[in-house]
Amino acid sequence: MVGPRVKSYFLEYGLKKLMIDEFLAHYFKDAGYADVELYRTPTGYRVVIHAEYPGRLIGRGGSVIKKLSTILQNKFGLDNVNITISPVIDPDLNARVVAFRIVRALEKEIPFRRVMMYMLKRVMDAGAIGAEIIISGKLRGERATYEKLKAGKVYKAGEPVEYMVDRAVVKALLKPGIFGVEVVIVKPGIKMPDHVEIKTLKPEELEALKPAKTTEGGGSEGK
């Protein structure tokens, strides 16, 4: 049975990580912020931040990362913070990075349909099994509505969704109001549990699988 101290530790850790994640997503969306990892070490905390443009998080001469270190210590109570900025391996397959790209394009007043079609094509060209982009808000008039584009296979339920699907929801503040952007990406290279693969056999392998021929007396050849 798990003790109350263990429960409170993980609850506090999860809440602290969530607060840091929301803070970084709000202030560093232009840097293509993707995710944060929080580790407790014997000497303090280690924070690993993944972003599309790491240089914008570091700043000139490390000015931004120094301010960020001070904020994490004073606002979130992280002692002896060691921050590492890591680039996203494949930004076109990261749902949050793609969502922030859409937000930046909408803020530049690029038509939302053009943005959706371009981003969807870019994600699929990167090798995704499927992708879905939804933009909601006052797209055409005073009444809120939504637009959805989908390509490939997009899984919505089941256990494989936990490790195959990357989903992100972000907001964009535009002149008509707040727009919601949802991006769902099904990652490539992961087989479904019910995946069936047809194996191609060589001619000699087919011959070996054929049953032995029998003679009229019921015995097999060679007897």
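If you're wondering where the values come from, they're calculated on a predicted model, not measured in any experiment. (Residues numbered from 1 in each chain as written. Predicted model: local features only at pLDDT ≥ 70, side-chain atom pairs only at ≥ 80, totals over all residues. Heavy atoms only, no water.)

## Considering the overall build of the protein chain
Then, in step 1: Along the backbone of the protein chain there are seven helices and seven strands.
Then, in step 2: Taken from the N to the C terminus, the helices and strands of the protein chain come in the order α-β-β-α-α-β-α-α-β-β-α-β-β-α.
Then, in step 3: The globule rule puts the C-alpha radius of gyration for 223 residues at 17 Å, and the 26 Å found for the protein chain is more than 25% above it.
Then, in step 4: Its C-alpha atoms put the protein chain at 95 × 55 × 40 Å along the principal axes.
Then, in step 5: A buried classification covers 37% of the 223 residues belonging to the protein chain. (Helix = DSSP H or I, 4+ residues; strand = E, 2+ residues; numbered from the N terminus. Rg over C-alpha atoms; globule rule 2.2 N^0.38 Å. Buried < 20%, exposed > 50% of the residue type's maximum accessible area, 1.4 Å probe, protein only.)

## Topic: the domain arrangement of the protein chain
Then, in step 1: Domains assigned within the protein chain are domain 1 (4-88) and domain 2 (92-186).
Then, in step 2: Using only C-alpha atoms to locate each centre, domain 1 and domain 2 end up separated by 25 Å.
Then, in step 3: In this complex, domain 1 contributes eleven residues to the contact, which on the side of domain 2 involves eight residues.
Then, in step 4: At the boundary of domain 1 with domain 2, total buried surface from both sides reaches about 830 Å², with 47% on carbon and sulfur atoms. (Domains from an automatic or database assignment. Contact = heavy atoms within 4.5 Å. Buried area = accessible area lost by both parts, 1.4 Å probe.)

## Some details on the packing of aromatic side chains
Then, in step 1: The full count for this structure, using the stated rule, is two aromatic pairs.
Then, in step 2: A ring pair is formed by Phe23 and Phe76, whose centres lie 5.7 Å apart and whose planes are at 65 degrees; its orientation type is edge-to-face. Placement of Phe23 in helix H1 (residues 4-27) and of Phe76 in the loop between helix H3 (63-74) and strand S3 (81-87) is noted, with a sequence separation of 53 residues between them. No difference in accessibility class separates Phe23 from Phe76, as the two residues are buried.
Then, in step 3: Among the aromatic side chains, those forming a connected cluster through ring pairs are Phe23, Tyr27 and Phe76.
Then, in step 4: A cation over a ring is seen here: Arg56 above Tyr53, with NZ or CZ 4.4 Å from the ring centre. (Phe/Tyr/Trp six-rings, centres within 6.5 Å; stacked < 30°, edge-to-face > 60°. Lys NZ or Arg CZ within 6 Å of the ring centre and 35° of its normal.)

## Description of the sheet that holds strand S7 (residues 178-186)
Then, in step 1: Taken together, four strands build an open sheet; the order of strands is S5-S4-S7-S6 and the sheet is antiparallel. Looking along the sheet, the strands with just one partner apiece sit at the ends: strand S5 (145-152) and strand S6 (165-173). Within this sheet the neighbouring strands show an average axis-to-axis angle of 10 degrees, counted without direction.
Then, in step 2: Here seven bridges tie strand S4 (residues 130-137) to S7, and the two strands are oriented antiparallel to one another. Within the sheet, the bridge partner assigned to Ile134 lies in S7 and is Glu182.
Then, in step 3: Against the sheet, helix H4 (residues 95-107) makes contact with S4, S6 and S7, and its axis sits at roughly 145 degrees relative to S7, the strand it touches most. (Pairing = 2+ DSSP bridges. Axes fitted to C-alpha atoms, helices over the stretch in contact; angles between N-to-C directions.)

## Describing the environment of Phe23
Then, in step 1: With a relative accessible area of 12%, Phe23 lands in the buried category.
Then, in step 2: The sequence separation of Phe23 and Leu68 amounts to 45 residues, and the corresponding C-alpha distance is 11 Å.
Then, in step 3: With near-sequence residues (within four places) excluded, Phe23 lies in contact with Leu68, Ile71, Lys75 and Phe76.

## Focus on the sheet that holds S3
Then, in step 1: The strand order S1-S2-S3 describes an open sheet built from three strands, whose pairing is mixed. Edge positions in the open sheet fall to strand S1 (33-41) and S3, since each of these has one partner strand only. Neighbouring strand axes in the sheet, compared pairwise and without regard to direction, differ in orientation by 15 degrees on average.
Then, in step 2: Its contacts with the sheet place H1 against S1 and strand S2 (44-51), and it is angled at close to 145 degrees to S1.

## Comments concerning the pairing of S7
Remember that side chains alternate between the two faces of the sheet whenever the strand is regular.
Then, in step 1: Where S6 and S7 come together, nine bridges link them in antiparallel fashion. Paired with Leu173 across the bridge in S7 is Ile178.
Then, in step 2: Linking S6 to S7, which pair antiparallel, is a turn of four residues; within it Gly177 sits at a positive phi near 145 degrees.

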